Amino acid sequence: MALNMNKNLKLYYSIKEVAKMFDLNESTLRYWETEFPYLKPKTAGSNKVRQYSDKDIEQIRLIHNLVKVRGFKLAAARKIINANRDGSNRKAEVISRLTDVCAELQLLKRQLDSLQ
């Protein structure tokens, strides 16, 4: 069996790291935890430090896509997610991948333009 070099070795992320990933305030993440019952990061220690798993981050990516990118209100986003859990997850993943591909294509275009 080959060793997967691309696998992320980090199991949990702090609230600060997750907020930075999505360009959000930490208070926004805490509020989303109260609005979306399935978003429950693990808490550790006596001061309840939040630890976000990859699954939690995928949930945040979905919420972020609906609320910040597409402009839905929280209630509408909650309704969409509850009505179509799998479809919404796939759409958020596809949009994320397409955004990455677009950025790579723009970089390639700039590199090609600089060669001419």
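Residues numbered from 1 in each chain as written. Predicted model: local features only at pLDDT ≥ 70, side-chain atom pairs only at ≥ 80, totals over all residues. Heavy atoms only, no water.

1. Observations concerning unusual backbone geometry
- With a phi angle near 55°, D23 is a residue other than glycine that sits in the positive phi range.
- If you trace the backbone, D23 turns up in the loop between α1 (15-22) and α2 (26-35). (Helix = DSSP H or I, 4+ residues; strand = E, 2+ residues; numbered from the N terminus.)

2. Looking at the pattern of salt bridges
- In this structure the tally under the stated criterion is 5 salt bridges.
- For R30, the salt bridge goes to E26, with nearest N and O atoms at 3.4 Å. Of this pair, R30 and E26 both sit in helix α2, separated by 4 residues, roughly a single helical turn.
- We classify R30 as partly exposed; its relative accessible area is 35%.
- Using a relative accessible area of 28% as the deciding quantity, one classes E26 as partly exposed. (Salt bridge = Lys/Arg side-chain N within 4 Å of Asp/Glu carboxyl O. Buried < 20%, exposed > 50% of the residue type's maximum accessible area, 1.4 Å probe, protein only.)

3. Details of the side chain of D56
- Assignment of secondary structure puts D56 in helix α3 (residues 54-69).
- The side chain of D56 sits in the buried core without any salt bridge; K55 is the nearest counter-charge, 6.9 Å away.
- For D56, the residues in contact, after removing those within four places along its chain, are L39, K40, P41, K42 and Q51. (Lys, Arg positive; Asp, Glu negative; His and termini not counted. Contact = heavy atoms within 4.5 Å.)

4. With respect to α2
- All of the buried residues along α2 are T28, L29, W32 and E33. Relative to the axis of α2, the buried residues are bounded by an arc of 145° and lie together on one face. (Arc of directions from axis to C-beta.)

5. A word on the nonpolar core
- V18, L29, W32, F36, Y52, I60 and I63 are the most contacted members of the largest nonpolar core, which totals 21 residues.
- Contributions of two or more residues to this core are made by α1, α2, α3 and α4 (74-83).
- Considering each element in turn, this core owes the most residues, 6 residues, to α3.
- Beyond its immediate sequence surroundings of up to four residues, F36 is in contact with I63, L74, A77, R78 and I81. (Core = buried A, V, L, I, M, F, W, Y, C linked by side-chain atoms within 4.5 Å.)

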